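Observations on chain architecture
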Amino acid sequence: MGNKTVVVIGAVNMDICGRPDKPPRMNDSNPGTVSFSPGGVGRNIAHNLRLLGVDVKFVAAIGSDVYGKSIYESCVSLGMDMHLSRTMSGGRTSSYLYVTDENGDMLLGVNDTDISASITPEYLSRHLKEINAADAVVIDANLTHDTVAWIAYNVTAPLYADPVSVAKSERLRPALSKLTAFKPNEYEAKSLTGESTSLFAAEQLLKLGVKKVFVSLGSDGIVAASDGEIIKLPREKCEVVNATGCGDAATAAIIWAGVNGLSVAESAAAAMKAAAMCAQCAETINPELCPELIS
């Protein structure tokens, strides 16, 4: 497996996490821990890809505020190539505020990612030749519908996508027929297809043109499908410390597996191992993730 280059186009934000010490009491102040860390679906996927030995060119919109400077420096320190990212003077860097229960399972999240709209077709068109030279391109649904549609029409490199949330997944509809692989969770898959089960949703996504579909089922594992093949794998057994970020780790593993020519079954297994490693870590990214532990 030689060095591969992946262009990730998506959101970067400051994650602000509140975790109570005891079972949360609604409508009340709960003693606990508040932490800050760089995040965002696109950035988290890029970070995990770096841990998996992939060269990453990251395309994101960042504000000129304190959060933006901190995030930019952290991305550079991880070895990401940031020259395609866009710094918006006076812009407000995206932020994501979420609250978990005492076990680390998310209860509620609020995202402020409006600055991602600054990644426009006009901006990307200036860098299209470099983007298409990559081994793969990854997008997340924080991008606008118009930008996703432009990417689907103009990007010729293998295209991967993460829907981010049910609310934003519809933005990816223009790109479905062009996707090499797609990793929604079961709620996102059902919302996009109108199907009642994850299995039927995966089959419908294939009919819509997606080449490889990976529907994550949380504690129930993953459904993986391609033309003529559909499998379901259980999740890896592990002690869950923090479930946040597991989907991003799984997506990165699927991309890593794809650019290295692994099968659908191998890709799904790698995704489950990466997600389990993430779940065992208190942070959103497990710094011990590496190819040897998921291959």
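Residues numbered from 1 in each chain as written. Predicted model: local features only at pLDDT ≥ 70, side-chain atom pairs only at ≥ 80, totals over all residues. Heavy atoms only, no water.

**What to know about the overall build of the protein**
To keep it simple, the criterion reads: By definition, any uninterrupted DSSP run of H or I lasting at least four residues is a helix, any uninterrupted run of E lasting at least two residues is a strand, and each is numbered from the N terminus. Put simply, the radius of gyration uses C-alpha atoms, and a globule should come to 2.2 Å times the residue count raised to 0.38. Burial status follows relative accessibility: with a 1.4 Å probe on protein chains alone, a residue under 20% of its type maximum counts as buried, one over 50% as exposed, and anything between as partly exposed. What makes two residues a contact is simply this: any of their non-hydrogen atoms within 4.5 Å. Method for areas: the Shrake-Rupley scheme with a 1.4 Å probe, in which residue coverage is limited to the protein chains shown.
Looking only at helices and strands, the protein has eleven helices and 14 strands in total. Here the C-alpha radius of gyration of the protein, 18 Å, is about what a compact globule of 295 residues would show, namely 19 Å. The principal-axis extents of the C-alpha atoms in the protein amount to approximately 50 × 45 × 40 Å. Counting over 295 residues, the protein shows a buried share of 52%. Considering only contacts within the protein whose residues lie at least 6 apart along the sequence, 64% involve residues at least 24 apart. Summed over its atoms, the accessible surface of the protein is roughly 12,900 Å², and 52% of this surface lies on carbon and sulfur atoms.

**Topic: the sheet that holds strand S7 (residues 94-100)**
How we decide: Pairing between strands is defined by DSSP: at least two bridges between the two strands are required. Here, axes are lines fitted to C-alpha atoms. For helices the fit covers the stretch in contact, and angles between N-to-C directions go from 0 to 180 degrees.
Here four strands make up an open sheet; going across it, the order is S3-S2-S7-S8 and the pairing mixed. On the outer flanks of this sheet lie strand S3 (32-39) and strand S8 (106-112), each paired with one strand and no other. Neighbouring strand axes in the sheet, compared pairwise and without regard to direction, differ in orientation by 15° on average. With six bridges connecting them, strand S2 (residues 13-20) and S7 associate as parallel partners. The residue of S7 that forms the bridge with Ile16 is Leu97.

**Looking at the nonpolar core**
Selection criterion: Buried Ala, Val, Leu, Ile, Met, Phe, Trp, Tyr and Cys residues that are joined via side-chain atoms within 4.5 Å together make up what is termed a nonpolar core.
Among the nonpolar cores identified, the biggest contains 49 residues, and Val6, Leu49, Phe58, Trp256 and Ile294 are the most heavily contacted of them. With sequence-adjacent residues up to four places away left out, Leu49 is seen in contact with Val6, Val8, Val54, Val56, Ala252, Ile255 and Trp256. By size, the runner-up hydrophobic cluster in this structure holds 40 residues, among which are Ala175, Leu179, Phe182 and Ala225.

**A short note on unusual backbone geometry**
Its identity as a non-glycine residue notwithstanding, Asn27 has a phi of 60°, on the positive side. In this structure, Asn27 sits in the loop between S2 and S3. Positioned with a positive phi, Val164 is a non-glycine residue whose angle comes to about 75°. Along the chain, the position of Val164 falls in the loop between strand S10 (159-162) and helix H6 (166-169).

**A few points about empty space enclosed by the protein**
Stated formally: Put plainly, a pocket is an open set of points on a 1 Å grid over the protein atoms alone with protein on both sides within 12 Å along at least five of seven lines, a cavity is a set where a 1.4 Å probe fits but cannot get out, and a lining residue has an atom within 4 Å of a point. Grid points are joined across faces, edges and corners, and a volume is the space filled by probe spheres set on the points. Any residue outside Ala, Val, Leu, Ile, Met, Phe, Trp, Tyr, Cys, Pro, Asp, Glu, Lys and Arg is labelled polar, Gly included; the first ten of those are nonpolar and the last four are charged.
All told, the structure shown has one cavity of 30 Å³ or more when counted by the stated rule. Taken as a whole, the largest cavity spans an internal volume of roughly 40 Å³. Considering the residues around the largest cavity, the lining is formed by Tyr160, Ala161, Ala181, Phe182, Lys183, Thr251, Ile254 and Ile255. When residues in the lining of the largest cavity are grouped by element, the largest group, three residues, is from helix H9 (residues 246-259). Residue classes in the lining of the largest cavity are distributed as six nonpolar, one polar and one charged.

**Examining the packing of helix H7 (residues 186-193) against helix H8 (residues 198-207)**
We apply this condition: Put simply, angles under 35 degrees are roughly parallel, angles over 145 are roughly antiparallel, angles from 65 to 115 are roughly perpendicular, and the rest are oblique. The handedness criterion is simple: a crossing whose near helix is rotated anticlockwise from the far helix by less than a right angle is left-handed, and one whose near helix is rotated clockwise is right-handed.
For the pair H7 and H8, the least separation of the axes is 9 Å and the interaxial angle reads 55°. By the angle between their axes, H7 is oblique relative to H8. Seen along the crossing, H7 lies across H8 with a hand that is left-handed. When H7 is examined against H8, the residues Glu186, Ala189, Lys190 and Thr193 are found in contact with a partner set consisting of Ser198, Ala201, Gln204 and Leu205. Of the residues that constitute the contact of H7 with H8, the class distribution is three nonpolar, three polar and two charged.

**Quick notes on the packing of aromatic side chains**
The condition that has to hold: Stacked, tilted and edge-to-face are the three classes applied to pairs of Phe, Tyr and Trp rings, where Trp contributes its six-membered ring and a pair requires centres within 6.5 Å; stacked means planes under 30 degrees apart, edge-to-face means over 60, and tilted covers the rest.
The full count for this structure, using the stated rule, is one aromatic pair. Ring centres of Tyr96 and Tyr98 lie 5.3 Å apart, and the angle between their planes is 25°; this geometry places the pair in the stacked category. In this structure, Tyr96 and Tyr98 share a single accessibility class: buried.

**As for the layout of surface pockets**
Volume-wise, the largest pocket comes out at about 1,400 Å³. At the level of secondary structure, the elements contributing two or more residues to the lining of the largest pocket comprise S2, helix H1 (41-51), S8, H7, H9 and helix H10 (264-279). Across the lining of the largest pocket, the residue classes tally to 19 nonpolar, 18 polar and nine charged.

**Quick look at the environment of Asp65**
Rules: Any pair of N or O atoms that falls within 3.5 Å is considered a polar contact. Within protein, one atom must be able to donate a hydrogen and the other to accept it, and sequence-neighbouring residues count only if both atoms are side-chain atoms.
Mapped onto the secondary structure, Asp65 falls in the loop between strand S5 (61-63) and helix H2 (66-77). Under the relative-accessibility criterion, Asp65 is labelled partly exposed at 24%. C-alpha of Asp65 to C-alpha of Thr87: the two residues are 22 residues apart in sequence and 9.9 Å apart in space. Dropping the residues within four chain positions of it, Asp65 is found in contact with Gly91, Arg92 and Thr93. Polar contacts involving the side chain of Asp65 include one to the main-chain amide nitrogen of Gly68, which spans 2.9 Å.

This is a description of form; function is not addressed.
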